[in-house]
Amino acid sequence: MEEKVIRTLNVYYYGVMVLSLLALTIMYYAFSHGWFQPIDTLSGLGVAIQYIIIIDALVTIPAGLYGFNRLCRPLRSMENKEEQLARYRKYATWRIILVSNAMPLGIVAFYLMGGYRSMLWVAAIAAVAWYFTKPTLGKLEAELAPEEPNQENY
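Here's what I pulled together on the structure shown here.

Thresholds applied
Residues numbered from 1 in each chain as written. Predicted model: local features only at pLDDT ≥ 70, side-chain atom pairs only at ≥ 80, totals over all residues. Heavy atoms only, no water. Helix = DSSP H or I, 4+ residues; strand = E, 2+ residues; numbered from the N terminus. Rg over C-alpha atoms; globule rule 2.2 N^0.38 Å. Buried < 20%, exposed > 50% of the residue type's maximum accessible area, 1.4 Å probe, protein only. Contact = heavy atoms within 4.5 Å. Areas by Shrake-Rupley, 256 points an atom, 1.4 Å probe, with all protein chains shown as cover. Lys, Arg positive; Asp, Glu negative; His and termini not counted. Charge placed at Lys NZ, Arg CZ, Asp CG, Glu CD. Expected span 1.5 Å × (residues − 1). Polar contact = N/O pair within 3.5 Å; in protein donor to acceptor, adjacent residues only side chain to side chain. Core = buried A, V, L, I, M, F, W, Y, C linked by side-chain atoms within 4.5 Å. Patch = residues over 30% accessible without salt bridge, like charges linked within 9 Å, V, L, I, M, F, W, Y side chains within 5 Å. Salt bridge = Lys/Arg side-chain N within 4 Å of Asp/Glu carboxyl O.

**What about the overall build of the chain?**
Along its length, the chain carries six helices and zero strands. For the chain, the α and β elements follow one another from N to C terminus as α-α-α-α-α-α. Relative to its length of 154 residues, the chain is extended, with a C-alpha radius of gyration of 19 Å against a globular reference of 15 Å. A buried classification covers 36% of the 154 residues belonging to the chain. Counting contacts in the chain only where the partners sit at least 6 residues apart, residues at least 24 apart contribute 76% of the total. Here the chain displays about 9700 Å² of accessible surface, and carbon together with sulfur accounts for 64% of that area. One finds the centroid of the 13 positive side-chain charges in the chain at a distance of 5 Å from the centroid of its 12 negative side-chain charges.

**Focus: helix α3 (residues 81–100)**
Since the α-helix advances by 3.6 residues per turn, residues separated by three or four positions end up pointing in the same direction. Along its 20 residues, α3 runs 28 Å from first to last C-alpha, staying within 8% of the 28 Å computed at 1.5 Å per residue. Taken as a whole, α3 has its buried residues at Q84, L85, Y88, Y91, A92, T93, R95, I96, V99 and S100. At its buried positions, α3 is contacted by α1 (2–32), α2 (44–72), α4 (102–112), α5 (117–131) and α6 (137–144). The opening residue of α3, the one whose side-chain oxygen lies 3.3 Å from the backbone nitrogen of E82, is N80.

**Section: the nonpolar core**
Residues Y88, M119 and L140 are the most contacted members of the largest nonpolar core, which totals 35 residues. Mapped onto this core, the elements with two or more residues apiece are α1, α2, α3, α4, α5 and α6. Discounting residues that sit within four places of it in the chain, L140 has contacts with E2, V5, I6, L85 and Y88.

**Quick look at a nonpolar patch on the surface**
Together, Y51, I54, I55, L58 and V59 line one region of the surface with nonpolar side chains, adding up to about 510 Å² of accessible area. I54 gets classed as partly exposed once you look at its relative accessible area, which sits at 33%.

**Re the side chain of Q50**
On the secondary structure map, Q50 appears in helix α2. Those residues within four positions of Q50 in sequence are excluded, and the remaining contacts are T41, M113, Y116 and M119.

Here it is in structure tokens:
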């Protein structure tokens, strides 16, 4: 049962990678063939796009990581294993999506603004956070293991 959950989560995990690579390929091709006029980074639209993507990354990456941890705490004490794994799969799917959504958005904004490197850094930060959402069997077991009250937390 746990392997099935991990396989399902891997579809979402690698789906985000494919989506990011697809965005990269399409935007690179469109940019190199001059299909659109790059947006000035100091224009109103350019500044608005930067703010939206940076705020998105600042909000969704910590919210995805912390929110998942907070939602998984009650799952540790659940008796019904099937319900526990179903909720874990749902929460982990949302964690992957929330943490990594700034990656394709940053790539698209990088090319829309004519190669503005700050947007590439936002995509890189999201990629690093995305790496920490990699679903593995060991991570599933660790996140659903019951808490021991006498164990020290550092």
